[in-house]
Structures are given as structure tokens and as C-alpha cells.
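Residues per chain, in single letters:
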Amino acid sequence: MARTLLIVDDHAGFRATVRTVLAGDGFEVVGEAEDGTSALAAVERLQPDVVLLDVQLPDMNGFEVAAQLCKQNGSGPQVVLTSSRDATDFGPLVPGCGARGFIPKAELSGAVLQAVLR
Amino acid sequence: MKRTQLAVLGAALGLTVAALVLTFTSDHEDNAALVAAGNLVAAWAFIGSGLVAWARRPANRFGLLLTAVGLTWLLGALAESNSSIPFTLGWILGGLYLAVFVHALLAFPRGYLETPSVYFAVTAAYAVVLGGGLLNSFFDDFSDECAECPPNAFLINESRLATDVISGLIIAVGVAVLGVVVHVLLRRWRAASKPLRRLLSPIYATSGASLVLLLVALPLSAVSDSASNAVWWVLVFVFASVPLSFLAFVLQTRLARAAVGDLLVDLGAAREPKEVRAAIRRALGDPTLLLGYWIPNANRYVDVSGLPFDVKAHTADEGRVATIVEHDHDLVAVLVHDASLLDQPELVRAVCAAASLALARERMVQALKGSERRYRALLHAIPDLMFRMDRSGTYLDVKGDPRDLTVPPEELLGSNVRDVLPPNVAGQLLAGVREALETGKVVTGEYRLEVGGALRDWEVRIVKDGREAALIVREITERKRQEDELRRSRARIVEAADVERRRLERNLHDGAQQRLVSLSLTLRLAQARLATDPQETERLLKAASDELALALEELRELARGIHPAVLTDRGLGAALEALAARSPLPVDLALTDERLPEPVEAAAYYVVSEALANVAKYADASAVAVTVARRNGSALVEVADDGVGGADPTRGSGLRGLADRVEALDGRLRVESSPGAGTRIRAEIPCA
């Protein structure tokens, strides 16, 4: 059974591309959110297995959203951070927020996401 | 005494001896001893006085005239001769001394006759005395006056009528001449200044008495011989006192020595230029005397108060003359005094010599006073506060605007800095004073102090001044404010640059980078679908191409925001035309053709760019006018719209950032934006 996925990014064009790419690679995209607040609400409502979370959001940053989602201890979704920047730009923030991993946007594909989640 | 004077003295002695011999051998003189004594007294009073005066003032003929009176008096002794011709000559010349006396009197004190009327009077006196005597001798055998006398050698024809007529004539002319003399002397007396009158009074008194007696004796001789003789004898002695008064006048220059002695004592005690002047006034007997000190550096005279002294103006009056005072051949001072003092050149010379040292000393004081006054004026022109303070911090002197002081100046004097200023400032100043006193170096510092209800900044320079310190304090509040403003402006510029970089990073990240990431993903997707789904692949490639075009457009916009290439390549005019073309509103451009310095063009571009953006966003305007002109070495940039106005330059960072950019080039940015009257932004940027 395909894993359910929530895409959180403030760029509609990117969300559409990612939806096409990951749907083709076996993920079931159950929803999209354009900022941190609506992302938290969507997780509450849709209960996705995985949240693909952009680090830079208009209202709060991805690490804060990740930290809140990871507080749910096992019951919450697996969070994977993504950004057009490199992971090294964020230093210790990526491992410290409880996310499963980080994927640079340009390298995003179903296979890479699967590898991070495994 | 010179040779001529010695010769005259010799002649006088000879004449005296001759007169004595004639008198004592005379067979018609009843009272030889008395007559000889009278002659000696009267004649030598004049001869002696005259010789002394002549010796003292050889250039002045007055002494000679005085001597001549005595000599001609002695000629009268010829009438004592027992021989006919000398007797007759003595009779004729017996009155000559009177004419000479009138001459001397009218020539006094200058030694010459000053006006034609005086000259005429003197000539008439000589004429009447000599001519009258001679004429009389032709008709009078003198037997009435002197029965024992020798016969008149010149007698032509005894005529009572003729002698009466001649006598009447002589008396008439004589009285007329004496009237002129009295008139002239009175006129001179009235015209004389006080010091001159003081000098003249004894001379006038004795001469006046002599003339009155003469006026009485002349007509009396026609009435009563005995009465006339009595008056005559009184006249002889009064007359003899005249030269003594002249002598007293001449000797006054001797007495002046005493005055000079007093002057030296007075000058020694004088502490002020005014006291010096008073001493000289006393010594010269001229209370109107003025004193001017020569100040060599300034090349002018100053008076006792140190103010400029115009010698020309003070000597414009005829009765005032200037006498130069020198010391060691240096011009020291000038005395402007009554012209009558010229009649006492020795006194003036002696006083000048005595006063020159004191004047030379006073002149230095006056010169110092002058420079002190100049420096004081200069000092007062300096807005700085000045204090003098001793080592313990006690104020000894203060100069400055009381509004710049924490306490009034009179309270400050004698107070200690610790009691007047806050502990931190007082401590700083005391430490500075001690450092300046110990090292002798200028110590500088700055402090902030509340004065007059406002916190103000001050800069102090402390210099050693003997055993005390001088503190020169200047307010630097405005400078500090400008420095603070400059610092803030720099900080804002740095911050604006940071904000700009963040904005760029954000724009790159949000715009082109996102599109390129999407493009990358799309291309990989297309690659994966290429074999299985050519239709889908074609759609993906189309989407990728559109995405790429958008990314390029965003990059171009971004680059233009960083620095418009057209500005660098083609100048402000072309850049502003491009801005105008992109503006949603019609823009009226009026631009100078001249290229401006690059930083000025950039600043002007951003002023216009920001202003046009503001107009588009807020102004609700229908048109904008942009002007760039070069005037007086500055670029003038103006953007004016016809919108709603009411823009507030203090709000928002856009206009503040523009002002910083313009001020960084020493320019000024002004915003005029009354509500309803449009907005006018004017930048003036120096092109130096």
C-alpha cells in the first residue's frame, strides 16, 4: 500500500511538480499546504504517513513545524525536510528537530525519499 | 654772552661813566647825586634786564630793545654838559628813551612789531620825540627852564609862540601815541590766554603805571614845573621797575627750573597718564594742555585714555600749537598747548626734557594698554568660555556668556569646581588641570553637562598659565549631534545594505531558484517518461521551457534591481528614460545632457526610481515630472507629482534610505508634501 504524503511549500509550481514526480514513484499525495499553520491543520485532518516540509515558509520555519509534529511521539507522521538550499546551510538545525532527514529540492525523487524513510 | 652783547655792555659802561662825569661836573645841576642815582637806577634797570634777556634769547630782539631804553636814557645826561653842543643834543635826545620804550613795549614779547598800526605808532613816537625836540631847539633858548645852562647851540630865533605851538604838537602827538599803546596793550590783554595773562600782569602793571604817570606829567609840565618835576621823579622810579618786571618774566624760565623740579617729583608720583598730563599742565601753567603718546607700531598718537589722538584736529585752532617731546632721539609724545607758551621756549624745552622719560615710560604703558584692549576685544569676540583655576580647582577668573554657565559668574569666582559641577565632570577637569600644571602640555577633553536646562556637550582645553591653569571651553553640542547623526546615518546605510542583500537572497531563493529547482525536477521526470510516454514527455518539456523563460525574466528583474546596467553603460538620461518607460504613469522628463560623477548619477537614479515607485503606489497621481539639472556645482534632482500629497519622510525606510544616500555625498534631500498639493522630492547633490 502506497504511503500517504502531505506536501508543505509556499510555491504552488513546486508543489505541482513534486506531486507529479512522487505520485509517479508510488506515493499517494493526500494534500498540500502553503504555510506552517495550514500544514499543522492538514496533518491533524489528513493524518499522512509522511510530511515533505519546506524549510522556508511565510509564517514559521520548517524546523519549528517539524519540532511540533515530532512531539507526537510515534503517532505523528514522518517528517522529511527539503529546501532549495543545501543541508549544510542549516548546520545543526536539521538533525535537531526530529525530522527523518533532509533532501535538497533538486535531488527530490521517489527513490531518494524512500531511501530517507527506510 | 656774545661779542656784540659784550660790546653793548662796554658801551653802556662807557656811557654811564660819561653820564656820571657830566652830572658831577655840571655847573647847572643843583642835585647831582640824586640825579646820578636816578639815572643809574633807571638806566641800569633797563640795561641789565635787557642784557640778561638778550643773552638768554639772542634771536629775540626784545632784550636789545630793553637795553636800548637804558642806553638812550643815559643820552639824556648830555644835557648836564657845560658845553653848548652836547648840552643842546642832550636836551633834544632826552626823550628818545620814551620812543624806544614804546617800541620795546609794543614789540614785547616777540621782539618785533606785529601789525602796521603798531608800527605806525612806534614811528610816530620816534618822530615826535626826535623831530619835536629838534624843532623846539630852533626856537627855545631854554633860559626859562635853566638859567645857568649853556646856550642853545641850535637856536635860530627865540620865539615863545613857536615853542608853545611845538610843545602843544608834541603833547598832542605824544598823547595820541600813548593812547594807541594803551589801546594795543588792552587788546592784547583781552586776547591773552590765562597763562599768558599771568606772565604779562606784572609787566602791564608797571608799564601801565609808567604810562599813566607820563600822561599826567606831559600835560602837567605846561602848567606847573614843580608839580611836573615831582611826578617826573616818581615816574623815574616806577619806570625803573618796568624792566624788573620784564626781567622777572625772563627769569621765569629760571623759575621754571623750580617748576621742572616740582614736575619731576609729580611725575615720579604719577601713576596714570592723566596724572602725568596734570603735572605737565601745572608745570607749564596751561590747564588746557593736551597730551598725545606716540605709538610707533601703530604709527599714531593716542591720548591719555588710549584713544586715537589727532594732532592736526587739535592744532586747527590758531591759538593752539604742538610741541614734540623726544627721548633719546625717539619721538615719544606731543604736547598740544596754548600758543603763548612759545614765548617761554626754555620753559617748554625744560618741561619736555623733564617729562620725556616719564612720557617714554607712559608711552609703553599706553601701547600695552592699546594692545591689551585689542586682545580683550578679540577675546570677547571668541565665543568660548574661559576660566582660570588654581591647582585645587578654585575658579579665579571667568569670561563668557552667563547663559553658558551653571551658576552666575560672580558666584563662580572663589568657588571650587567640585561644588559647582557634577562629580564626574569636576574630577575630569581637576585631573586635567593637574596634568597641565605638571606637564606643561595642553590637555584636552570632552564632557556632557546640563546647562540652562539642556544636556550640552563641551570641549575643554587646559593650558598652564604660570602657577594656574587656563581652561578654554567650547560648546560642541551641535558638532556632537552631527557626529551622532553621521554615525546613525552610516548604521542605517549598512543596515539598508544588509536588508537589500537579504531581499536579494530571498528574491533569488523564492524566484529564480525555485523555478530552476522545479525545472530540474520536471526535466528528470521527462527523462524518466521519455521511453514510455512520449506525449507526457512533450507536455513536461513544454512546461520546463515556460518555467525556464520565467526564471530568466525574474533574474533580469533582479539584476536590474541590484544595479541597472543601462545606468553604467549609457548614463543617467537613458536609465531614467527606461524607468519612465516602465512607469504606469506618464512621466515628463527634463534632463541635463551633461554626465555627472558616477556616484551622483547612481544616487539621482535611485531618488527617481524610489520616488516613481512611491508615486505609483501611494500618490494617486495623474502625471509626474522629473527634472535633473546642474546648478552651482550641484546636481538638482526633482520628482514632482500632482497626487494626494501628505507623504511623511520620517515614516518608512524608503525616503530615509534615500536621504542617507544623498547625505553620504554631502547632499540634501527635501520632501514637500502638503496634503492635497502633490509631492515634490528635491535632492541637491554636490558634484565636486
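Residues numbered from 1 in each chain as written. Chains lettered and ligands numbered in written order. Predicted model: local features only at pLDDT ≥ 70, side-chain atom pairs only at ≥ 80, totals over all residues.

1. Overview of the pairing of strand β6 (residues 395-399) of chain B
All names here are of chain B. Selection rule: Two strands form a pair only when DSSP identifies at least two bridges running between them. By definition, any uninterrupted DSSP run of H or I lasting at least four residues is a helix, any uninterrupted run of E lasting at least two residues is a strand, and each is numbered from the N terminus.
Bridge count between strand β5 (residues 385-389) and β6: four bridges; the pairing is antiparallel. From the neighbouring strand, M386 faces β6, where its bridge partner is K399. Linkage of β5 to β6, two consecutive antiparallel strands, is achieved through a turn of five residues, within which G393 is found at a positive phi near 95°.

2. Notes on the nonpolar core
Filter applied, for reference: Under the definition applied here, buried Ala, Val, Leu, Ile, Met, Phe, Trp, Tyr and Cys residues are grouped into a nonpolar core through C-beta atoms within 7 Å. Every C-beta atom is placed from the backbone, and the number of other C-beta atoms within 10 Å of a residue's own sets its class: buried at 20 or more, exposed at 12 or fewer, partly exposed in between.
Residues B:V69, B:V100, B:V102 and B:A104 are the most contacted members of the largest nonpolar core, which totals 66 residues. Broken down by element, the residue count for this core peaks at eleven residues, all from helix α5 (residues 96-107) of chain B. A:V21, A:V55, A:A66 and B:L540 belong to the second-largest nonpolar core, a separate cluster that totals 36 residues.

3. Here's the deal with the sheet that holds strand β3 (residues 50-54) of chain A
All names here are of chain A. For the record, the criterion: Lines are fitted to the C-alpha atoms to define the axes, a helix being fitted only along its stretch in contact, and any angle between axes, read from their N-to-C directions, falls within 0 to 180 degrees. Here, residues touch in the contact sense if the C-beta positions derived from the backbone fall within 7 Å of one another.
Strand order in the open sheet formed by five strands is β2-β1-β3-β4-β5, and the pairing between neighbours is parallel. One side of each edge strand has no neighbouring strand; the edge strands of this open sheet are β2 (28-33) and β5 (101-104). Neighbour to neighbour, the strand axes of the sheet diverge by 25° on average, direction disregarded. Relative to strand β4 (residues 78-83), β3 runs parallel, the two being bridged by five bridges. Paired with L52 across the strands is V80, a residue of β4. Across the sheet, helix α2 (residues 36-46) is in contact with β1 (4-8), β2 and β3; its angle to β2 comes to roughly 145°. Running over the sheet, helix α5 (residues 110-117) touches β3, β4 and β5 and is turned about 165° from β5.

4. Brief notes about the packing of helix α6 (residues 116-139) of chain B against helix α7 (residues 160-191) of chain B
Residues and elements named next belong to chain B. To keep things clear, this is the line we draw: For this classification, under 35 degrees means roughly parallel, over 145 means roughly antiparallel, 65 to 115 means roughly perpendicular, and everything else is oblique. Each crossing gets its hand from how the near helix is turned against the far one by less than a right angle, where anticlockwise is left-handed and clockwise is right-handed.
The geometry of α6 relative to α7 is characterised by a closest axis approach of 9 Å and an angle of 165° between their N-to-C directions. Judged on the interaxial angle alone, α7 and α6 are roughly antiparallel. Relative to α7, the crossing made by α6 is left-handed. For the pair α6 and α7, the contacting residues are V118, A121, A124, A125, V128, G132, L135, N136 and F139 in the first and A162, T163, I166, S167, L169, I170, V173, G174, V177, V180, V181 and V184 in the second.

5. Quick notes on the sheet that holds strand β1 (residues 290-295) of chain B
Residue and element names in this part refer to chain B. One open sheet holds the four strands; their spatial order is β2-β1-β4-β3, and the pairing between them is antiparallel. In the strand order of this sheet, the two ends are held by β2 (300-302) and β3 (320-327), each with one partner. Across this sheet, the average inter-strand angle for adjacent strands is 30°, counted without regard to direction. Alignment of β1 against β2, held across three bridges, turns out to be antiparallel. Bridge pairing links Y293 to V302 in β2. Across the sheet, helix α12 (residues 345-381) touches β1, β2, β3 and β4 (330-338), and the angle it forms with β3 is around 80°.

6. Some details on unusual backbone geometry
Backbone geometry follows two general trends: most residues other than glycine have a negative phi, and most peptide bonds adopt the trans configuration. Residue and element names in this part refer to chain B. The backbone of D620 shows a phi angle near 55°, a positive value even though the residue is not glycine. Looking at the secondary structure, you find D620 in the loop between α19 (598-619) and β11 (624-631). For D620, a count of 12 C-beta atoms within 10 Å gives the class exposed.

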